[in-house]
Every structure is written in structure tokens, then in C-alpha cells.
Amino acid sequence: MSLAATSSAPRASLTAVLDERADWAAFSRPCRDRGAGQESLESHVAIEGMHCATCSLTVEQALKDVPGVLDATVNAASRMARVVWLPQRTRPSTWFEAVERAGYQALPVGDLERLEARTQASRMALWRWLVAGFCMMQVMMYAWPAYIAQPGDIAPDMAQLLRWASWVMTLPVVLFSCWPFFASAWRDLRRRSLGMDVPVALGILMAFLASSVATFDPSGPWGREVWYDSVTMFVFFLLSGRMLEQRLRGRTAGALETLARRLPDSVERQGPDGGFQRVACHRLRVGDVVRVLPGESFPADGRIIEGSTQVDEALLTGESRALVRSAGAAEQAAVIAGSHNLSGVVLVRVERTGAQTRYAGIVALMQDAALSKPRLARLADRVAQPFLLLVLLASATAAAWWWPSDPSHALGVAVAVLIVTCPCALSLATPAASLAAAGALARRGVLLRDLQALETSTAIDTVVFDKTGTLTRDAMAVTRVHTRAGLEEGEALRWAVALARHSLHPVSRALVRAAEEGFCGVQTGQPVDADTVVEHAGQGLEGLAVQAGSPLGLLRLGAAAFCGVPEDIACGQGSRVHLAGAGGWLASFELDESLRVDATPVVSDLRAQGLEVELLSGDRHAAVVRLGSRAGIDRVFSDRKPEDKLAHVRALQRRGHRVAMVGDGINDAPVLAAADLSFTLGQAASLAQSRADVVILGGQLAAVPALMRHARRTRTVVRQNLAWAAIYNAVCVPLAVMGWMPPWLAGLGMAASSLGVVLNSARLARMPDF
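### Considerations on the overall build of the chain
Thought 1: Within the chain, the secondary structure is distributed over 28 helices and 27 strands.
Thought 2: Looking at the 770 residues of the chain, the share that counts as buried comes to 53%.

### Here we look at the pairing of strand β3 (residues 69-75)
Thought 1: Within β3, five of the seven residues are buried, leaving the element largely enclosed by the surrounding structure.
Thought 2: Direction of pairing for β3 relative to strand β4 (residues 80-85): antiparallel, over a ladder of six bridges. Among the inter-strand pairings, T73 is bridged to a residue of β4, identified as R82.

### Some remarks on the pairing of strand β23 (residues 612-616)
Thought 1: Most of β23 sits out of view: four of its five residues are buried.
Thought 2: Both strand β16 (residues 462-466) and β23 contribute to a ladder of five bridges, which runs parallel. Bridging across to β23, T462 finds its partner in E612.
Thought 3: As paired strands, β23 and strand β24 (residues 635-637) are joined by three bridges and run parallel to one another. By the bridge assignment, L616 is partnered in β24 with F637.

### Quick notes on the sheet that holds strand β27 (residues 694-696)
Thought 1: The strand order β15-β27-β26-β25-β16-β23-β24 describes an open sheet built from seven strands, whose pairing is mixed. With partners counted over all chains shown, the strands left at the sheet margins are β15 (446-448) and β24, one partner each. Here the average twist between neighbouring strands, direction ignored, is 20°.
Thought 2: The strands touched by helix α24 (residues 621-631) within the sheet are β23 and β24, with β24 carrying the most contacts at an inclination of about 155°.

### Topic: the packing of helix α19 (residues 489-500) against helix α20 (residues 506-516)
Thought 1: Between α19 and α20, whose axes approach to 9 Å, the crossing angle comes to 130°. In terms of axis orientation, α19 runs oblique to α20. The interaxial crossing formed by α19 with α20 has left-handed handedness. Across the interface between the two elements, L493, A496, V497 and A500 from α19 touch S508, R509, L511, V512, A514 and A515 from α20.
Thought 2: Of the residues assigned to the contact of α19 with α20, the class counts are eight nonpolar, one polar and one charged.

### A look at the sheet that holds strand β9 (residues 301-306)
Thought 1: The antiparallel open sheet is built from six strands, whose spatial order is β7-β6-β8-β14-β9-β12. Of all the strands in the sheet, the pair left with one neighbour each is β7 (276-280) and β12 (334-335).

### A short note on helix α7 (residues 179-190)
Thought 1: Between its first and last C-alpha atoms α7 spans 16 Å; for twelve residues at 1.5 Å apiece the expected length is 16 Å, and the two agree.
Thought 2: Looking at α7, one finds that the buried residues are F181, F182, S184, A185, R187 and D188.
Thought 3: Positive backbone phi, approximately 60°, marks R192, located one or two places after α7.

### Quick word on the packing of helix α6 (residues 156-177) against α7
Thought 1: At a minimum axis distance of 5 Å, the contact between α6 and α7 shows a crossing angle of 45°. In this view, α6 runs oblique relative to α7, as classed from their interaxial angle. Every residue of α7 that contacts α6 at V174, L175, F176 and S177 is listed here: W179, P180, F181 and F182.

### Considerations on the pattern of salt bridges
Thought 1: With the rule as written, the count across this model stands at 16 salt bridges.
Thought 2: Residue R303 is joined to E351 by a salt bridge in which the shortest nitrogen-to-oxygen separation is 3.1 Å. Taken as a pair, R303 in strand β9 and E351 in strand β14 (residues 346-352) lie far apart in primary sequence, 48 residues in all.
Thought 3: The shortest N-O distance in the salt bridge between D634 and R607 comes to 3.3 Å. With D634 in the loop between α24 and β24 and R607 in helix α23 (residues 599-608), this pair connects stretches of sequence that are 27 residues apart.
Thought 4: One network of salt bridges, in which partners are shared, links E268, R278, R291 and E296.

### Here's the deal with the side chain of S184
Thought 1: Looking at where S184 falls in the secondary structure, it is placed in helix α7.
Thought 2: Among the polar contacts listed, one links the side chain of S184 to the side chain of R187, at a separation of 3.2 Å.

### Quick look at the nonpolar core
Thought 1: Core analysis: the biggest nonpolar cluster contains 47 residues, and F181, I204 and V235 have the highest contact counts within it.
Thought 2: Among the elements that line this core, the one with the most residues is helix α9 (residues 228-253), at nine residues.
Thought 3: The contact partners of I204, leaving out residues within four places of it in the chain, are C178, F181, F182, V231, F234 and V235.
Thought 4: Within the second largest apolar cluster, 46 residues are counted, among which are V602, V613, V624 and L764.

### Overview of the packing of aromatic side chains
Thought 1: Counting across every chain of the model gives eight aromatic pairs.
Thought 2: Here the aromatic rings of W164 and W167 are separated by 5.9 Å at their centres, their planes lie at 75°, and the arrangement is edge-to-face. Taken together, the residues span about one helical turn, with W164 and W167 both in helix α6 at a distance of three residues.
Thought 3: W167 gets classed as buried once you look at its relative accessible area, which sits at 19%.
Thought 4: Look at W164 and F216: their rings are 4.9 Å apart centre to centre, the planes differ by 80°, and that puts the pair in the edge-to-face class. One end of the pair, W164, is in helix α6; the other, F216, is in helix α8 (residues 197-216), with 52 residues separating them in the sequence.

### With respect to unusual backbone geometry
Thought 1: The phi dihedral of T532 is positive, around 45°, even though this residue is not glycine.
Thought 2: With respect to the helices and strands, the residue T532 is situated in strand β18 (residues 529-536).
Thought 3: The exposure class assigned to T532 is exposed, which follows from its relative accessible area of 65%.
Thought 4: Residue D639 is not a glycine yet carries a positive backbone phi of 55°.
Thought 5: Along the chain, D639 turns up in the loop between β24 and α25 (642-654).
Thought 6: Relative accessible area serves as the criterion here: at 47%, D639 is assigned to the partly exposed category.

### Regarding the confidence of the model for the chain
Thought 1: Residues with a pLDDT of 70 or more make up 81% of the chain, whose mean pLDDT is 80.
Thought 2: Least confident of the elements in the chain is helix α1 (residues 3-18), whose mean pLDDT is 44; most confident is α23, at 93.
Thought 3: Long-range and interchain partners of residues 1-14, a stretch whose pLDDT sits below 50, account for ten contacts in this model, where long-range means more than four residues apart.
Thought 4: In the model, residues 684-689 has pLDDT below 50 throughout and makes 14 contacts with residues more than four positions away in sequence or in other chains.

### Side note on the environment of D664
Thought 1: Turning to its location among the elements, D664 is positioned in the loop between β25 (659-663) and α26 (669-674).
Thought 2: Linking D664 and T470, residues 194 residues apart in sequence, is a C-alpha distance of 5.8 Å.

### Notes on the side chain of R187
Thought 1: The residue R187 is located in helix α7 in this model.
Thought 2: Residue class for R187 comes out buried when judged on its relative accessible area of 9%.
Thought 3: R187 has contacts with G49, A102, G103 and Y104, leaving out every residue within four places of it along the chain.

### What about the environment of A398?
Thought 1: Relative to the helices and strands, A398 resides in helix α14 (residues 375-402).
Thought 2: Along the chain, A398 and G739 lie 341 residues apart, while their C-alpha atoms are 8.8 Å from each other.
Thought 3: Non-local contacts of A398, meaning those with residues more than four positions away in its chain, are made with V413, V417 and V737.

### A short note on α8
Thought 1: Compared with an ideal rise of 1.5 Å per residue, which puts 20 residues at 28 Å, α8 spans 28 Å between its outermost C-alpha atoms and is within 8% of the ideal.
Thought 2: Burial analysis of α8 places 14 of its 20 residues in the buried class, the great majority of the element.

Thresholds applied
Along each chain, the written sequence defines residue order, and numbers are assigned to residues from 1. Only residues with pLDDT of 70 or above have their local features reported here, since the model is predicted, and side-chain atom pairs are shown and tallied only from 80 upward, although totals for entire chains, interfaces and linings are computed over all residues. Calculation of side-chain values draws on the structure's entire complement of heavy atoms; hydrogens and water are dropped beforehand. What counts as a helix is a DSSP run of H or I of at least four residues, what counts as a strand is a run of E of at least two, and both are numbered from the N terminus. In this scheme, a residue with accessible area under 20% of its type's maximum is buried, one over 50% is exposed, and one in between is partly exposed, where area comes from a 1.4 Å probe on protein chains only. Two strands are said to pair when DSSP picks up at least two bridges between them. Note on definitions: angles span 0 to 180 degrees between N-to-C directions of axes, and those axes are lines fitted to C-alpha atoms, for helices only across the stretch in contact. Throughout, a residue-residue contact means that at least one pair of heavy atoms, one from each residue, lies within 4.5 Å. Throughout this description, any angle smaller than 35 degrees is read as roughly parallel, any larger than 145 degrees as roughly antiparallel, any in the 65 to 115 degree range as roughly perpendicular, and the remainder as oblique. Take the far helix as the reference: if the near one is turned anticlockwise from it by less than a right angle, the crossing is left-handed, and if turned clockwise, right-handed. Following the grouping adopted for this structure description, the nonpolar residues are Ala, Val, Leu, Ile, Met, Phe, Trp, Tyr, Cys and Pro, the charged ones are Asp, Glu, Lys and Arg, and the polar ones are all others, Gly among them. The span one expects for a helix is its residue count, reduced by one, times 1.5 Å. What makes a salt bridge here is a side-chain nitrogen of Lys or Arg within 4 Å of a carboxyl oxygen of Asp or Glu, nothing more. For this analysis, a polar contact is any N or O atom pair within 3.5 Å, provided that within protein one partner can donate a hydrogen and the other can accept it, and provided that sequence-adjacent residues contribute only side-chain to side-chain pairs. The definition of a nonpolar core used throughout is a set of buried Ala, Val, Leu, Ile, Met, Phe, Trp, Tyr and Cys residues joined through side-chain atoms within 4.5 Å. Between rings of Phe, Tyr and Trp, where Trp is taken as its six-membered ring, a pair exists when centres lie within 6.5 Å; planes separated by under 30 degrees are stacked, by over 60 edge-to-face, and by other angles tilted. For every residue, the predictor assigns a confidence score, pLDDT, that lies between 0 and 100.

Okay, structure coming up:
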């Protein structure tokens, strides 16, 4: 059996398996935007073999030509494709094969075969690089005497011998190390398109063939000069640049791939007899009980019913600490798909699988971001092919200009122009920076639905916050304590907490939490207990207070009427709960919505960045003003219905403002959609339904100013990349056309320009925690 047959067999079996609905569901989800009334699916796959923007356009066109494929989007920087297709008319195997016919390879994201293929490709690239490096050193050793020798120092037969030795050492470079460039160029030419490997391959072939003619016929018109050193150096520099570029790209934009591999391939499921059998994760159903061992990832959302452990949710929520999870309380028993079991063996009852899990929503968001193209990147894609056509015309024009005086020199100039003008740096300038920035944010629990959000963030001048669920927590908080003369606030709170500990009422929980947080110095006094506590529904608590074994008397905690509080004391701003003893009123506690701990610093940070901050709420005016004052927000707008909020944001936009809206994603859907930039807290609503531009998984408000700051840094890096690419071309192209830049230096410059863009973009992968 031939090698081709053995290698094609696994591919055939893979595409056949992918045609089963249960298996394509692993990388597909329903698409609501397309289909014209028919069921349409949206699939995300990885594309191997792409090197430039033209490659992405080639794959897009190959996918769109398949009957039943409604749309296709390919991002060359992330090497991801989004395919919208009709299962009634086509199957994944059909459009997978279309990608292969175009000369590339499609694999589901996170697929093990993709990892194996990428590993093999990396090993082969390393071998090509080693061969090019070894041969380059040998060729340079043979070429060095010609550079330093004076006329007559080297005998003609010795010079010819050195040329033959150089030809022999260049042959492996051309036939083995250059194969990816030739294959990619031939693939593009067959499809009548111009990729960035076309001028590279053409330059290498022209230089090698002309040098070979000079070697075989040294007395002919081409015999004056050979470029074996330029060919080998150029190939080595180019391979070096691409290897480093791939490593840096994987390091800065690899958060999606890491996340996509978080689910295990199989898990132990409990059978009817109580035994456990290992099954594929996509076979799990709601209600199944699975056993998750230490070191494994949870395969679905569920609840621990037996055992306890610590879990790592850092990649999913941004929480860097290990969290305790055990059977019992609802919140503490919940586990999410993709989180990592660190310590104990646990049994989990499955509650959500597949596309319904929180993990699937996070992956979908990251896939959308990886496939999106910022405005500047789309512009670079559009100009790539016309620019390459200009490169070929410039090379031909330069060769024609120099040909009458020296054909050999004219060929060297043409090769240098072909190589030096390759627009790799220009095409990488924006996507490399955007993906690096998005990867850094994703590792901190901030997901971008669209990379354009980074560019939009830099233009924002007004940030509007929703109140409930955004600036506030679900629970209430004690804001102030009023006491009878002679009674300290901390002592009053200790007495109230003695009764409050016996109730689950939200007000009681707020009092207990205030004591635990040290409000009014409550932790410095002697503890107070309560006996025979009775809860009167709708009124309050009553019990006997005891301190250090001595009874303090009967206490009541609750409404003003229940505690016998005078009307002048009972009235006040916000909600109040009162404490009374046998002698009458003792204290009153003002409660209000619990402001998030990071709300005030976030508002201060945004103002320090020169942004206007507003508070927009449907709550009553007094409550909104109080909360705005606590958060440091002066511009507050209350009693706003959803349609009023939408009108408010549109009015700001009509006055020329660029508005960012931060909401909970539930009641704020219309205004989030209308804002120039929208944030939602990942724990507030379904990630699959949320259409916000930015999703903050851990709910940290500090992510809002952090993203604004990082977006401006990203804009600076993109501008630096574009400036570097423009300066490089403005300087090097005239030098090459005038014949002052040899081909080997052109190769070094081209590789260095692309690598410089990637290295500069990699700085965005580092950002401080928030």
C-alpha cells in the first residue's frame, strides 16, 4: 500500500464520523441569523496550512462554493473558520473535502488529530529549518573566498569547484526546505489567485535557476554571478521568522485552543447496577451520575452528590484561587464543565450538557472573537492581492530597466524586489496585536465577542452603568446606625446580631454580614447570645439576650410598630430595622442596596482616564441618588423604563458622544444593543443569549477600566506595527529597485519585518491583573 493511501485512510474515516449528528454537535450550534426559515448550523473548525491573508480568502471561497454552505468566514491570524450550513443539503465531510481540494486541512477545534497533525508539522518545519541552516553555513563558507579575494587570487578551476559545491549544498534547501513555499504558491496559482508565497517562490526559483545556468555554463551571458548564498540565507531567515511567529502566535492567542481542550474525551458513568463504565462525553444525558477523579476535568454542568474537592475555574471565570466544592449547599455543590478537579473523587449529577453548558457559551464567545476581523484587518485583506500584483509588476519593471546594461544584475534586482516587497508585516499588523490583546483579556476572564470592540473602546467618552445587579450585589447592606444616648453603635449591632443569627430573612443576613465585616467596630466587644428566639412572620424577632452568662433582658428586632418605636425615629431615608428592649427603643439600622466593593474605585479609575460616568436605573429617585453618591457618580437618572434607557443612550449619541453601557444582560438587552460598546456580567445571564460586545465572566467591574486602558495600548501597538511596515517598504523598495539591496539582505529584511510585528504585538499578552 502506498504512503498516500495510508495517510488518506484516517482522513476518510474522520469525515465519515463527522457526518453523524451526535458528533458534529461537538463543534456546531444552531444559527439564528441565517437560514431563511430552514434549520441552519454554525460550525467552527481549525484550518491548517494557512500563512497569510490571501490563504484565508482562498479557503473562504472554497467553502462558499459548496452547495448548502450559506456563509464562511476565515481568520488567517487565528487559523479558524466559521461555516454556516444547511444540514438538509450538505454534510461536514463535503465542505471538509472542499477545503482539502483547495490545499488546506480542516479539523474540529480541540480535535486530537489536529494536535497530532500540528505536532508532525512542527517537527517537519524544524527539520526544514535545520537543513536550511546547515546548508547555509556550508554555502557561506564556499562563498566567502569570492567576497574577500582580489582579482587573480582564485584560479578559475577553483572558483568553479566552489560554485559546484555551493550548488550541491543548495539543492536540499530548494527541494526540501522550500517545499512549503512552492506548494503554497502552486496552490494559489491553480486557483488563479495571488498569495504571499507566490513572489517568495518565484524569487527563489529565479535565483536558483539563474545560478544553476551560471554554474553549468560559466562562460555564458549568465556566468558572471551566482546567488546560492542569497537563496540559502533567505530561506533560512524566512523559516526562522515563521517558526518564531507561530510560537509567539500560539503563546499570545492560544487561550481558545487551551479552553477548547478542557473537556475530557471520556468519563466514568454510573450504570443501573451501580458500577461505572467509561463512555464518551458527548453521550452524557441530563440526570446521569458520573465519577470524576483528581486531575480530570468536569464533563458537564452539574451538582456534586457525594464527596468533596477543590476545583480550578481560572480559565472559565477568571478566579485564580482553588474553590472548595462538596455535596450539600446548592452554591457549594455546583460545578461547571471544563473546570478542573484538583484533589478528591466526587460523584456529580449532570444538569446541563453540550451547548447548554456555561463552558459551551464561553467557547462560542471566544470563537466569535477569534474569527472576527477589525476594520483595519479587513482593509489589509482587501488590498493584499492588488498589492501582490503591484509587487510582480515592480519586479518586472526593475528587471526591464536594468536588463540592457547587465542581465545578470537585472535578475538579482528582480529577485530582491520580489522578496523585499512581500506584505507579510502589513497583513499581520492588526490581527496579531488584536489577538494578543484578546488572549490576555480572556486569561483574566474577560471575553470579547468581536475584536472590533478593542478599536471601539478607544473612542468611548461616556460610560453608563445600570444600578441593580451591576453596581450592586443581590444582598442588602447596613449603611448607618442610630442609637439611644449612651449606647455605642458596635454594642447595639452586637445585640441585634444575637437575634438576627436565628433568621434567614435578608435583613437579618445583612446585619450578620455587617458584624462579620467589622462594621462599627462590632468585633471588639464581648459576644452576645440569645435564647428562646421566636420569629413573628412579617414583624420581627423576639428573644432573651445573654452576655457572658448573664441575661440582658428581652430584645425585639424588626418593624417600628413591632418594636414600639416613635414615629419621628421610625421615619428616615431607605429601609430601617429597629432594636428595642424592655425600656423601649435602643437603636435603628439603615439598610440599602449593597454596593459592590470595587464600584467606587472603578468609577474613580474611569474618571482618571477622562471618561464621563453616568448611572441609569429604573429605581426610584431617592434610592438612585443615594447609591450614586456612595459610588461617586454625580450624573444619575432614575425611574427609567427599558425604552427610556434606550432613548437616553441614543440622545447621548446624537450629541456626538460614544457610549459604553455596562448592564446585567437581562433587562438591558435593548440599550446594550444600541450602545457603541456594551459590557455584561457573565454570571447575570445566559452567555449564549447575551449579545454584549464584552462579557466579564467573574463579574469584576474592575475589568471595565482595565479593558479601556488595554484597548488604548493595543491601538498604540497597531499604529507602531503599521508605521514599521510602511517605513520598511518606503526604505527597502527603492533600495531594491536601484540595485543597492542584494537578495540575501532583502530576505533578511522581509523576515525581520514580520518578526518585528509579531514581537511587538506579543507585548500585549502581558497585562496587570485587576
